[in-house]
Amino acid sequence: RGVRIAHCPDSHTAATAERTFALVLACARKIPDINIAVHEGDWTRDRHVGIELSGKTYGVIGLGRIGSRVARIAQGFGMKVVAFDPFRDDSYFDERGATRVGLDELFHLANVISAHVPKTPETHHMIHCYRLGLLHADSILVNTSRGGVIKEEDLITHLRQKKHGRFGLDVFESEPLARDSGLLEWPQVIVSPHVGAHTAEAFRAVSYEAAQNLISLLKETPPTGPLPPPEEWYSAIRP
């Protein structure tokens, strides 16, 4: 019908990347557990030994706006970055200082993994029982992208069978997360209610970006986030 549409993909990049790393740090240093313990009067420090990120390998699934920013943060912590993104060429990886690897290889290599992918048929349940089985005993897995990227049933089974790994989840297959969800049984699963982009700065930025996009549409110039997306990943899922 000739209707032009745009969204605002740039405004939430910093907020979501920072939220991702907040969950990484919370998992690595057991911050929620320690906070609860101290509030309850427990000063037993030996029970709260964490892991350092420096010298470890960070795996980025989806090296787009947010994934690239997360990679820079990880490098700032002295981490080596490996990444999986089938829609980027080798030079794109080189520019971001990331080593290109396959998805299964990423799970083998990385100590910390985070997902930054859109919701598509290809990404639905892309993190399933087999890939969860590749995690190291002290691995950290964070998802701030879309619910359904991780198959939650398989994650719950993994926790019940192997009881290892720490997980930071901001998105879920069904939201709000059910009060009786098996994910809530495990203290090493840190959850938040889909607030990756919830900062005062992001709210201001998205309002500004929306206004700029409206001006662009009226002027018939390219907006920052045209819909449908022009990216190759979107073209690949169209019939």
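Further up the page is the structure itself.
Notes on the structure in this doc start here. Counting restarts for each chain: residues are numbered from 1 in the order of the written sequence. Reporting in this predicted model follows two pLDDT cut-offs: at least 70 for local features of residues, and 80 or more for side-chain atom pairs to be given and counted; totals over whole chains, interfaces and linings ignore these cut-offs and use all residues. Here the side-chain values reflect all heavy atoms present in the structure, with hydrogen atoms and water set aside.

Quick look at the overall build of the chain now. Put simply, DSSP marks the helices as runs of H or I at least four residues long and the strands as runs of E at least two long, and each gets a number from the N terminus on. If you tally the helices and strands in the chain, you get nine helices and nine strands. Restricting the calculation to C-alpha atoms gives the radius of gyration, and the globule rule supplies 2.2 Å times the number of residues raised to the power 0.38. A compact globule built from 239 residues should have a C-alpha radius of gyration of about 18 Å, and the chain, at 19 Å, falls within 12% of that. Dimensions along the principal axes, computed over C-alpha positions, put the chain at roughly 65 × 35 × 35 Å. Contact definition: two residues touch when any of their heavy atoms are within 4.5 Å. At a minimum sequence separation of 6, the contacts of the chain that also span at least 24 residues come to 65%. Surface accessibility of the chain: about 13,100 Å² in total, with carbon and sulfur atoms responsible for 54%. Charge separation in the chain, taken as the distance between the mean sites of 27 positive and 29 negative side-chain charges, equals 2 Å. Only the protein chains shown count as cover for residues, and all accessible areas are computed by the Shrake-Rupley method using a 1.4 Å probe. For the purpose of counting charges, residues Lys and Arg are taken to be positive, whereas Asp and Glu are taken to be negative. His and the chain ends are not included. Where a charge lies is defined by one atom per residue type: Lys uses NZ, Arg uses CZ, Asp uses CG and Glu uses CD.

So, on to the nonpolar core. Only buried residues count toward a nonpolar core, which is a set of Ala, Val, Leu, Ile, Met, Phe, Trp, Tyr and Cys residues joined through side-chain atoms within 4.5 Å. Relative accessibility under 20% of the residue-type maximum defines a buried residue, over 50% an exposed one, and the middle range a partly exposed one, all with a 1.4 Å probe and only protein chains included. Among the nonpolar cores identified, the biggest contains 27 residues, and Ile-61, Phe-107, Ile-113, Ile-127, Leu-155 and Phe-167 are the most heavily contacted of them. Ranked by size, the runner-up nonpolar core spans 24 residues in total, among them Leu-53, Tyr-58, Val-60 and Val-142.

The omega torsion of the bond from Glu-175 to Pro-176 falls at 0°, within 30 degrees of zero and hence cis. Within the element layout of this structure, Pro-176 appears in the loop between strand 7 (166–169) and strand 8 (189–191). Look at the link from Leu-227 to Pro-228: it is a cis peptide, with omega at 0°. Tracing the backbone shows Pro-228 in the loop between strand 9 (226–227) and helix 9 (232–237). At His-125, a residue that is not glycine, the phi angle is positive and equals roughly 60°. Position of His-125 among the secondary structure elements: in the loop between strand 5 (112–115) and helix 6 (129–132). The phi dihedral of Lys-163 is positive, around 60°, even though this residue is not glycine. Within the secondary structure, Lys-163 sits in the loop between helix 7 (152–162) and strand 7.

If DSSP finds at least two bridges between two strands, the strands pair. Reading across from one edge, 4-3-2-5-6-7-8 is the order of the seven strands in this open sheet, with parallel pairing throughout. Two strands bound the open sheet, and with one partner strand each, they are strand 4 (99–100) and strand 8. Of the strands in this sheet, strand 2 (57–61), strand 5, strand 6 (140–143), strand 7 and strand 8 are in contact with helix 1 (residues 13–28), which crosses strand 6 at around 150°. Fitted lines through C-alpha atoms serve as axes, helices being fitted only where they are in contact, and the angles separating the N-to-C directions of these axes extend from 0 to 180 degrees.

This brings us to helix 3 (residues 65–76). The terminal C-alpha atoms of helix 3 lie 17 Å apart, and with 12 residues this matches the ideal 16 Å at 1.5 Å per residue to within 8%. For helix 3, every residue scored as buried is listed here: Gly-67, Ser-68, Val-70, Ala-71 and Ala-74. With its buried residues spanning 160° around the axis, helix 3 presents them on a single face. Turned more than 90 degrees from where helix 3 packs its buried face, Arg-72 and Gly-76 sit exposed. Turning to helix 3, the residues buried within the fold contact helix 1, strand 2, strand 3 (80–84), helix 4 (90–95) and strand 5. Phi turns positive one or two residues past the end of helix 3, at Gly-78, with a value near 80°. Here the expected length of a helix is defined as 1.5 Å per residue gap, with one fewer gap than residues. To obtain the arc, one takes the directions from the helix axis to the C-beta atoms.

Purely geometric stuff here, so don't read any function into it on its own.
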